[in-house]
Each structure stands twice: as structure tokens, then as C-alpha cells.
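# Structure at a glance
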Amino acid sequence: MGGILHYIVEPGLLSSGPVRTAVLVGTVVAVTSGVVGVLTVIRGQSFAGHSLADVATTGGAGAFLAGISQFWGFLIAGIAGAAIMELIGVQRRRGRDVATGVVLGAALGAAALFLYLGTLSSSTTGASFTILFGSMFVISPDTVPALIASGLLALAVVAVLSRVLLLTALNPDLAAARGVRVRAVGIAYLVALAVAVSLSAVVIGAVLSTALLIGPAATALRVARTPVRAMTAAALIGTAATWVGIVLAYDSYYWPPQGRGWSVSFFVVALVVIGYLLTYIRLPGRRRAGRDAARARENEEAPACSPA
Amino acid sequence: MSAQAEQELLRLDGIGVRLGGREILRDVSFTVRPGEFTGLIGPNGAGKTTLLKVILGLQAPTSGRVLLNGRPRQRRGGRLIGYVPQKLAIDPDMPLRARDVVALGIDGHRLGFPLPSAARRERVTEALRATGAEAYADARVGELSGGEQQRVMIAHAVISRPRLLLLDEPLANLDLRSEQGIVAVLARLAREQQIAVVISAHDMNPLMRETDTVVYVAAGRVAAGRTDDVIRTEVLTRLYGSQVEVLHVNGRVLVVAGEEPGEVREPIEAGVATEAAG
């Protein structure tokens, strides 16, 4: 048993400090991203999530230039981006994509400048790589408490607003008629989204952070029928991808080409995508079954009548 | 409070709405009594949705007032009114079963999340039964047919026991049999639970058998009253401000533009026109 395990998990995995930090932070982030991601997909704001990630890139690059922790850069830029998108009109269906696109372009332009300046002032190119594509193994232990607290905050916002967010997603007019302040709820949700994106950016990089946000959620929504089950499934899928990704990345130090290890972000994102694709192998039959059942009920209801 | 005012659940008094310099509604007045079935009829773009939004408090009127139970309506919310909006486009991936949607009707506007309980579940099942939707209580709402979704949304709207139920074009895009099913459910709710039902439609025919009163909207103004008193050539001609004619064909009502020199008769209600042609 120990022998087999040796081939799967290289010795010393859990005694390594960076790995323990990676597992702890990775889990918190995967759970937060999974739960927030389900609502992002339901609300049709995947594009907004992606744009917040691009805005976060700018913040991360700026934080690197200023010499502070990247997480704070991600977070401040993300929340500022959310506020600007809201001001331009992200809540209105038609204004949404335009507002998001404009903010996105401006942010990436600034990010290009910051990263360029960062490369000039520092001899290493590693920092810009970490900002863009992340590495769980270089998370500073000092920021761990802030990361965990932010994750819990985003989860609390979603928990408190869950029913209202679902009612609004079902139909905004319906929610407004019931006295829900749709716009205020939308803003609170965008802040939670910005936090989730920033956390995800720390773990797998700003550019890839949407993958951890949308991938597990989209997968979960293909299999789960209730919101609670979808959020639980998304959290579990994200966590599994993160853990397996860490193990594979640790193992990959012994893989070709040069025994330098592969990017942990690559493994996490690849696993998430594979998980999503797997749902397409099993589900077409079941979906068809659901539609057939609806049609059968209709025919039963209207046996004598053929609608024109 | 006088006995008459007590009898009135809803009163609109000289409602006018002006949006971006355009007059949408002008001097709209009518009343709805408990348990009454009211058809809000008019061609597309006549202002039916705006009128419903004024009643709901989603659209502030430029003039006039809305009285609910004899009192000026509060800003929004409240349990007096149930609402089924138009054009529900529910994504098949939406992770809500029919029973989850109905449960949101109890407390979907509140913060936090509810603990599941047997009483809660029974209440949801009861509402689904009242609209004939219990067979698909556990199906994803996005995978249901249009008529099935309407039944679920009606259950959602009535579970909090409103006195007034507003439905915006619930019969649009339904086949004939589903139309009849929905109208029957609404008529039963009005009768058995004394819920006043106001239902908007561009085609009045599916509703004719059940409506007590009609509020006919055209060009931003309304003619309201008992169905037979409103759906008349003189009344609608005055409302449209041009010659129209009310025709009865095979038990169906057609409102057509009247004959003027060099003009072709064109049906005003598109839905009716295709029925009559076929």
C-alpha cells in the first residue's frame, strides 16, 4: 500500500510548508469560487467575472510595482472595477456587455504598462508570470489569514442574499414587485464576485481565475437540480481539482523536461475542464428524458387537440 | 369607510404616465372587487404592461392615484398583490425545481435561508396542487413547457395568499389547450379563494367565458366595465378615436378597423386575425 502510494504521491508532500499553505488556501478559494460561481452562471454574469479578473491583473501588477501583497492589489482593483461597471450600467441587460467590455480594455492596457515597468525595475521575470498565471506554492504565509477571512466574507454575503439572488435571477421585475432592492443586491453581489475573483487570482493567477470560478459551477449546474446541491457540487469539484493539481504539480518535479516542475495552475485548470467535458459524455440521455417527459405530459393533457 | 369603498379592492383614479416626453397612459380609472375576474385587453404596445407596473408600484404615475383596500398603495412589496410577469425565459440550466420556485413565493424577498420543514413542504405541494402542477413538482422549471411554467408561476404568486393576482400576457405563445387550462385554473382561484384576477391579453377570446369585467386599453386610454358594455362598436370607436367595428364570428369576437373610403379592413388584434383566417 505504502509502495503504491509512493508512486502517486512523492514523499515529503505534506511536510512541505508551501504545500500545506497551498492546500489550506486552495481549499478555501475553491469553496468560495464554487459557491459564488454558481450564482455568477445563473445570473449570466460570467463575462463580468472574467472582466473583473482582467481588472484584478492591473491591481496585481500595480501592487507588485508598489511593493505590497498582490492579493490587496487584486482585491482593490476588483472592487473598483465592480463599482465602475455598476456605474456604467452593468445591471441593465443591454448595457452590461458594453460596460464590462469598456472597463476590461482600459484595465488590460494599464496592466500591460505596469508589468512592463515591473520587468524593467526588477531582474526577475517571475513576478509577472505569478501575477498572470499564479502559483499556489509561492503564497506568503503572512497573507493566509486575510485570504481566509475574505473567503468567509464572500460566502457570508452569498448566504445572506441567496434567496433574493435566486428570485432576482428568476425575474428582476418579480423581485422588485416583492420589495427587493434589485440594484443594491446586484452591487453587494458584484463585491462578493470581486472577492472571489481576487482569491482565485492568488491561487491560479489573474488570467486563469475565471476558470476556477466558472468551470466547477458550470459542471455542477449540469448535474445538480437545486441551488444548494449545485453550490455543494461546485465547491467539491473545485476542491478536488485543486488538491489533485497540487499533488500532480509536486510530482512533476521528477517529470521531463528538466525536473523543474510544471505549473500547478495548469493542472488545476486542466482538471476543471476535463470534469466539465465529462458531463457531456453522460448527460445527453438524461436531458432528452426530461424533455420527453414534458412532451408526454402535454400530450396527455391535450389528447384531442392538435395546436396549429 | 363606506360600504362601497370596502367592496373595492383596487381603485385607479385618473392615472397618467409620461415616459421620456411620451404619453403612455392618460386619465385611466377603474375598480376591481374581490374575487372578480378582469381582462386587461388591448393591442400590443397599448400600455397594458405599464398599467400593471403602476398597480405593482414599479412605475410611478405622473398623475392620479392607486388605492388598495381604500388606502393609497405603499411604495412596493406587501402581501396584497401576487404577480406573474410576461415573457418568462427560464434557462434549462437554472437549478430550481418547480417546488423551489413556489417556495420562493413564500419568502424569496427575505435575507438568509429557510430551514426545510414538513409544514413548508406541504404548503408548497398544496399550492402546486391548486394550479394542477404537482405532477412535475420535482422537475427543473426551465425544462417545463410554457403552459407548465405558467402554472408553476401562478402557484408561486398565490402561495402567499394575495387578494389580487396580476398576470401579464400569461397566454402568449401557448397552444389552445394550455390556454384553456390556465384560464380554468385562474377562474377557480378567483371563485374559491376570492382572489381578484387581472389578466392582460392582446386576444380577449380565450378569456371571454370567464371575465366579469373588461378594461380595454387603446392609445393610452381605457374603457372599463362589464364585458358586454365595453366590447361594443360605439364604445371602442370612441376609445380608439377612429372607426372600429366589433364583429361576432362563430362565437368569437373580432375588433376590426372600420370601413373608410379607400381603406382595407384590417383586424386590430393580430392573434384574432390568424384564427379567423384559418
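Residues numbered from 1 in each chain as written. Chains lettered and ligands numbered in written order. Predicted model: local features only at pLDDT ≥ 70, side-chain atom pairs only at ≥ 80, totals over all residues.

## Describing the overall build of chain A
For clarity, the cut-off: Each helix corresponds to a stretch of at least 4 residues labelled H or I by DSSP, and each strand to a stretch of at least 2 residues labelled E; elements are numbered beginning at the N terminus. Counts of 20 or more other C-beta atoms within 10 Å of a residue's own C-beta define buried residues, counts of 12 or fewer define exposed ones, and intermediate counts define partly exposed ones; C-beta atoms are placed from the backbone.
Helix and strand content of chain A: 13 helices and 0 strands. Looking at chain A as a whole, 46% of its 308 residues qualify as buried.

## Brief notes about the overall build of chain B
Cut-off, in case you're wondering: A residue pair is marked as a contact if its C-beta atoms, positioned from the backbone, fall within 7 Å.
Within chain B, the secondary structure is distributed over 9 helices and 12 strands. A separation threshold of at least 6 residues defines the contact pool for chain B, and within that pool the share at least 24 residues apart is 64%.

## Focus on the interface of chain B and chain A
Contact residues are listed per partner, giving 35 residues for chain B and 35 residues for chain A. Looking at the side of chain B that touches chain A, the elements that each hand over two or more residues are helix 3 (98–107) and helix 6 (176–193) of chain B. Tallying contributions element by element places helix 3 of chain B first for the side of chain B that touches chain A, with 4 residues.

## Topic: the sheet that holds strand 5 (residues 71–72) of chain B
All names here are of chain B. For clarity, the threshold we go by: Two strands form a pair only when DSSP identifies at least two bridges running between them.
One open sheet accounts for 4 strands, arranged 2-1-4-5; its pairing is antiparallel. Across the chains shown, the open sheet's two edge strands, defined by having one partner strand only, are strand 2 (22–32) and strand 5. Of the pairings in the sheet, the one linking strand 1 (residues 10–19) to strand 2 comprises 7 bridges and is antiparallel in character. Looking across to strand 2, one finds that Leu10 is bridged to Val32.

## Focus: unusual backbone geometry
Residue and element names in this part refer to chain B. A positive phi angle, close to 55 degrees, is found at Arg161, a residue other than glycine. Here Arg161 is to be found in the loop between helix 5 (146–158) and strand 7 (164–168). Phi angles above zero are rare outside glycine, and Glu169 is one such case at about 50 degrees. Following the sequence through the fold, Glu169 ends up in the loop between strand 7 and helix 6.

## Observations concerning the sheet that holds strand 9 (residues 213–218) of chain B
All names here are of chain B. Heads up, the rule is: Axis definition: a line fit to C-alpha positions, over the contact stretch in the case of helices; interaxial angles, taken between N-to-C directions, run 0 to 180 degrees.
Spatially, the 6 strands line up as an open sheet ordered 6-7-8-3-9-10, and their pairing is mixed. Looking along the sheet, the strands with just one partner apiece sit at the ends: strand 6 (81–84) and strand 10 (221–226). Neighbour-to-neighbour, the strand axes of this sheet turn through a mean angle of 15 degrees, independent of strand direction. Sheet analysis places strand 3 (residues 37–41) next to strand 8 (residues 196–201), joined by 5 bridges and oriented parallel.

## Things to note about the environment of Gln150(B)
Residue and element names in this part refer to chain B. Structurally, Gln150 is set in helix 5. Separated by 83 residues in sequence, Gln150 and Thr233 place their C-alpha atoms 33 Å apart. With near-sequence residues (within four places) excluded, Gln150 lies in contact with Pro170 and Ile182.

## With respect to the packing of helix 3 of chain B against helix 5 of chain B
Residue and element names in this part refer to chain B. Our working rule: Reported orientations rely on four angle classes, namely roughly parallel under 35 degrees, roughly antiparallel over 145, roughly perpendicular from 65 to 115, and oblique for the rest. Working rule for handedness: look at the near helix, and if it is turned counterclockwise from the far one by less than a right angle, call the crossing left-handed; if clockwise, right-handed. Each residue is assigned to one of three groups, with Ala, Val, Leu, Ile, Met, Phe, Trp, Tyr, Cys and Pro labelled nonpolar, Asp, Glu, Lys and Arg labelled charged, and all others, Gly among them, labelled polar.
Put simply, helix 3 and helix 5 touch, their axes get as near as 7 Å, and they point 25 degrees apart. In terms of their interaxial angle, helix 3 and helix 5 are classed as roughly parallel. Two packed elements cross with a definite hand, and for helix 3 against helix 5 that hand is right-handed. Of the residues in helix 5, those touching helix 3 at Ala98, Val101, Val102, Leu104 and Gly105 are Val152, Ala155, His156 and Ala157. Within the contact of helix 3 with helix 5, the residues separate by chemical class into 7 nonpolar, 2 polar and no charged.

## A short note on the pairing of strand 9 of chain B
All names here are of chain B. The element strand 9 is largely enclosed, with a buried count of 6 among its 6 residues. Neither face of strand 9 is left uncovered, since the one carrying Thr213, Val215 and Val217 and the one carrying Val214, Tyr216 and Ala218 both have all their residues buried. Direction of pairing for strand 3 relative to strand 9: parallel, over a ladder of 4 bridges. Counterpart to Ile41 in the pairing with strand 9 is Tyr216. Sheet topology places strand 9 next to strand 10; 6 bridges connect them, and they run antiparallel.

## Comments concerning the confidence of the model for chain B
Residue and element names in this part refer to chain B. Spelled out, the test is: A score from 0 to 100, pLDDT tells how confident the predictor is in each residue.
Looking at chain B, the pLDDT average stands at 85 and 89% of residues meet or exceed 70. Confidence, expressed as mean pLDDT per element, reaches its minimum in chain B at helix 9 (residues 270–277) with 39 and its maximum at strand 7 with 95. When the criterion is pLDDT under 50, residues 270–278 qualifies, and its contacts beyond four places in sequence or with other chains add up to 12 contacts. Here the prediction assigns the complex a pTM of 0.84, and the interface score ipTM is 0.86.

## Brief notes about the packing of helix 2 (residues 17–42) of chain A against helix 11 (residues 227–251) of chain A
The description of two packed helices rests on the angle between their axes and on the distance between the axes. Residue and element names in this part refer to chain A. One can describe the packing of helix 2 onto helix 11 by two numbers: an axis separation of 7 Å at closest approach and a directional angle of 150 degrees. Here helix 2 is positioned roughly antiparallel relative to helix 11, judged by the angle of their axes. Note on packing geometry: the crossing formed by helix 2 with helix 11 is right-handed. Contacts between helix 2 and helix 11 involve Val19, Ala22, Val23, Gly26, Thr27, Ala30, Val31, Ser33, Gly34, Val35, Gly37 and Val38 on the former and, on the latter, Ala230, Met231, Ala234, Ala235, Ile237, Gly238, Thr239, Thr242, Trp243, Ile246 and Tyr250. Residues of the contact of helix 2 with helix 11, tallied by class, amount to 15 nonpolar, 8 polar and no charged.

## A short note on helix 3 of chain B
Taken across its 10 residues, helix 3 of chain B has 8 buried, putting it largely inside the fold. Turning to helix 3 of chain B, its buried residues are Ala98(B), Arg99(B), Asp100(B), Val101(B), Val102(B), Ala103(B), Leu104(B) and Gly105(B). Check the buried side of helix 3 of chain B and you find it contacts helix 7 (144–170) of chain A together with helix 4 (118–130) and helix 5 of chain B.

## Quick word on the environment of Val256(B)
You can see Val256(B) is positioned in strand 12 (residues 252–257). Sequence-wise, Val256(B) and Pro72(B) are 184 residues apart; in three dimensions their C-alpha atoms are separated by 38 Å.

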